[in-house]
Amino acid sequence: MKTVLLIAFAGHVLCGICDCLLGYSPSGRLDLKGALKDPDRMRTVFSDLPLKWPLISILLGVYAITAFGFGYLELSRWMGGFSETASVIMYISSVVFLISIVVHHIICGLVEWMYVRLGRTDDARKAVLEFQSKTIVTMITGYLGLAVFLITLFVMAVTGETSLPQWACVLNTLPVMAVLMLTKLPAKGNIAGAVMFLGLFFLM
């Protein structure tokens, strides 16, 4: 159990690094929110992004998600000792999350690679944004699956239905994420996930 939790922690750390490869260039953080609405600004933002960064992010990201996936599945199995219903809910939601999010991660890296590789033209911008918008269901489905998993884990912990102390409910991506949203840290989701698995590693 502890080994799997530690692997999941490392997986989230590695995935956070992969997220940074997609969110930063040598000149700094990519202002994607503003750039997506302005073709000229988008060209400028991606002007110095090395083509290898999205590729590295895609390849390492698949292994990172696989690594932390073992943690979610192990927590689902562990929950079976307290509630079969909660265990099944967590298992199904974690599978939905993991399958969807690995596809979404690949798409994010592919979109950046294609845009830069095709010369950052207006046609390239329209094509990659259309592709991303038509596949956004992978992100929505993935995060819905994660939300169901985390809410189930939180409720079971806070109600004292597990062997964890009730205060351990805070060792959950959702409350940690709420705190991180007040900061400018990158890869907040993966930081929160890493905190959850590391905290559970010391408690279990």
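This section reports on the structure supplied with the text. These figures come from a predicted structure and were not determined experimentally.

**Examining the environment of phenylalanine 201**
Relative to the helices and strands, phenylalanine 201 resides in helix α9 (residues 188-203). Taking the C-alpha atoms as reference points, phenylalanine 201 and leucine 5, separated by 196 residues in sequence, lie 5.7 Å from one another. Residue contacts for phenylalanine 201: discarding those within four places in its chain leaves Lys2, Leu5 and Leu6.

**Overview of the pattern of salt bridges**
The tally for this structure, following the rule as stated, stands at four salt bridges. What emerges from the salt-bridge pattern is a single network uniting Asp40, Arg43 and Asp122.

**Some remarks on empty space enclosed by the protein**
Under the defined criterion, the tally for this structure stands at one cavity of 30 Å³ or more. Taken as a whole, the largest cavity spans an internal volume of roughly 50 Å³. Taken together, Leu153, Phe154, Ala157, Leu164, Ala168, Cys169, Leu171, Asn172 and Leu200 make up the lining of the largest cavity. Ranked by residues supplied to the lining of the largest cavity, first place goes to helix α7 (residues 137-158) with three residues. The residue makeup of the lining of the largest cavity, split by class, is eight nonpolar, one polar and no charged.

**Brief notes about the layout of surface pockets**
When its volume is computed, the largest pocket comes out at roughly 1,400 Å³. If you trace the largest pocket, you find 44 residues lining it, with Asp19, Leu32, His104, Cys108 and Tyr143 closest to the centre. Where the lining of the largest pocket is concerned, the elements lending two or more residues are α1 (2-23), α2 (32-35), α4 (52-79), α5 (84-117), α6 (122-134), α7, α8 (173-180) and α9. Residue contributions to the lining of the largest pocket peak at eight residues, all from α5.

**Observations regarding the packing of aromatic side chains**
The tally for this structure, following the rule as stated, stands at eight aromatic pairs. Where tyrosine 72 meets phenylalanine 197, the ring centres are 5.0 Å apart and the plane angle is 85 degrees; that geometry is what we call edge-to-face. Pair noted here: tyrosine 72 is in helix α4 and phenylalanine 197 is in helix α9, with a separation of 125 residues, a long-range link. A residue is classified by how much of its surface remains accessible, and tyrosine 72, at 1% relative accessible area, is buried. In this structure, lysine 2 is placed above the aromatic ring of phenylalanine 201, and the distance from its NZ or CZ to the ring centre is 4.6 Å.

Conventions used here
- Residues numbered from 1 in each chain as written.
- Predicted model: local features only at pLDDT ≥ 70, side-chain atom pairs only at ≥ 80, totals over all residues.
- Heavy atoms only, no water.
- Helix = DSSP H or I, 4+ residues; strand = E, 2+ residues; numbered from the N terminus.
- Contact = heavy atoms within 4.5 Å.
- Salt bridge = Lys/Arg side-chain N within 4 Å of Asp/Glu carboxyl O.
- 1 Å grid on protein atoms, 1.4 Å probe; cavity = no way out; pocket = protein on both sides within 12 Å on 5 of 7 lines; lining within 4 Å.
- Points joined across faces, edges and corners; volume = space filled by probe spheres on them.
- Nonpolar A, V, L, I, M, F, W, Y, C, P; charged D, E, K, R; others polar.
- Phe/Tyr/Trp six-rings, centres within 6.5 Å; stacked < 30°, edge-to-face > 60°.
- Buried < 20%, exposed > 50% of the residue type's maximum accessible area, 1.4 Å probe, protein only.
- Lys NZ or Arg CZ within 6 Å of the ring centre and 35° of its normal.

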